[in-house]
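Per-entry structural report
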Amino acid sequence: MTPVTERDPRPSWDSYFMSIAQMVASRSTCLRRKVGAVLVKESRILATGYNGAPAGLKHCLEIGCLRDEMGIPSGQRHEICRALHAEQNCLIQAASHGISVTGSSLYCTNLPCIICTKMLINAGVESIFYAEGYPDDLSKEMLAEAGIKLVRLEDGS
């Protein structure tokens, strides 16, 4: 990352895109974790996504969290959640607009789970920058095996 200097007070590209991912996360309708994602290629935003129920369906903000009601810990039993993950919504947005994400970078407020990791690998994402951890070691293992660059931005930027 290029640090902010007196000569160039602008944020680095990493800080810029991560701050956008954090803003995107503010649209999340999840009661447990607000996640935002931004796909970028050649310093241009391709798509954004946040976690929430599919379009037109009731959100957890409206009807509550089934996983909370069932006492399911974070990082487990993803299939019982109404919401799509931010990374999934980001990929879907790009696909619905005919935008190739091959060779892109993902900026995400959280490390992708294993389900999202497999999708990102197959979509051709080359690098992932994230701010916070996520309890999914298999995700890190598969990203390493796939040769995808994984960078934690310690201060979130």
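Look a little higher up for the structure.
Our subject in this report is the structure included herewith.

With that out of the way, let us pick up the packing of aromatic side chains. Evaluation of the coordinates by the stated rule reveals 5 aromatic pairs. An angle of 40° between the planes, with centres 5.3 Å apart, marks the rings of Phe17 and Tyr107 as tilted. Taken together, the positions of Phe17 in helix α1 (residues 13–25) and Tyr107 in strand β3 (residues 105–110) put the pair 90 residues apart, joining distant regions of the chain. Accessibility expressed as a relative area gives 2% for Phe17, which makes it buried.

With respect to the helices and strands, Leu61 occurs in helix α2 (residues 60–63). Note: C-alpha distance between Leu61 and Leu31 (30 residues apart in sequence) is 6.6 Å.

Next up on the list: the sheet that holds strand β4 (residues 127–132). An order of β2-β1-β3-β4-β5 is seen for the 5 strands of this open sheet, with the pairing classed as mixed. The open sheet has two edge strands, β2 (44–50) and β5 (149–152), and neither has a second partner. Sheet twist, expressed as the mean angle between neighbouring strand axes with direction ignored, is 20°. Relative to strand β1 (residues 36–41), α1 is tilted by about 145°, and along the sheet it contacts β1, β2, β3 and β4.

Rules used throughout
- Residues numbered from 1 in each chain as written.
- Predicted model: local features only at pLDDT ≥ 70, side-chain atom pairs only at ≥ 80, totals over all residues.
- Heavy atoms only, no water.
- Phe/Tyr/Trp six-rings, centres within 6.5 Å; stacked < 30°, edge-to-face > 60°.
- Helix = DSSP H or I, 4+ residues; strand = E, 2+ residues; numbered from the N terminus.
- Buried < 20%, exposed > 50% of the residue type's maximum accessible area, 1.4 Å probe, protein only.
- Pairing = 2+ DSSP bridges.
- Axes fitted to C-alpha atoms, helices over the stretch in contact; angles between N-to-C directions.
- Contact = heavy atoms within 4.5 Å.

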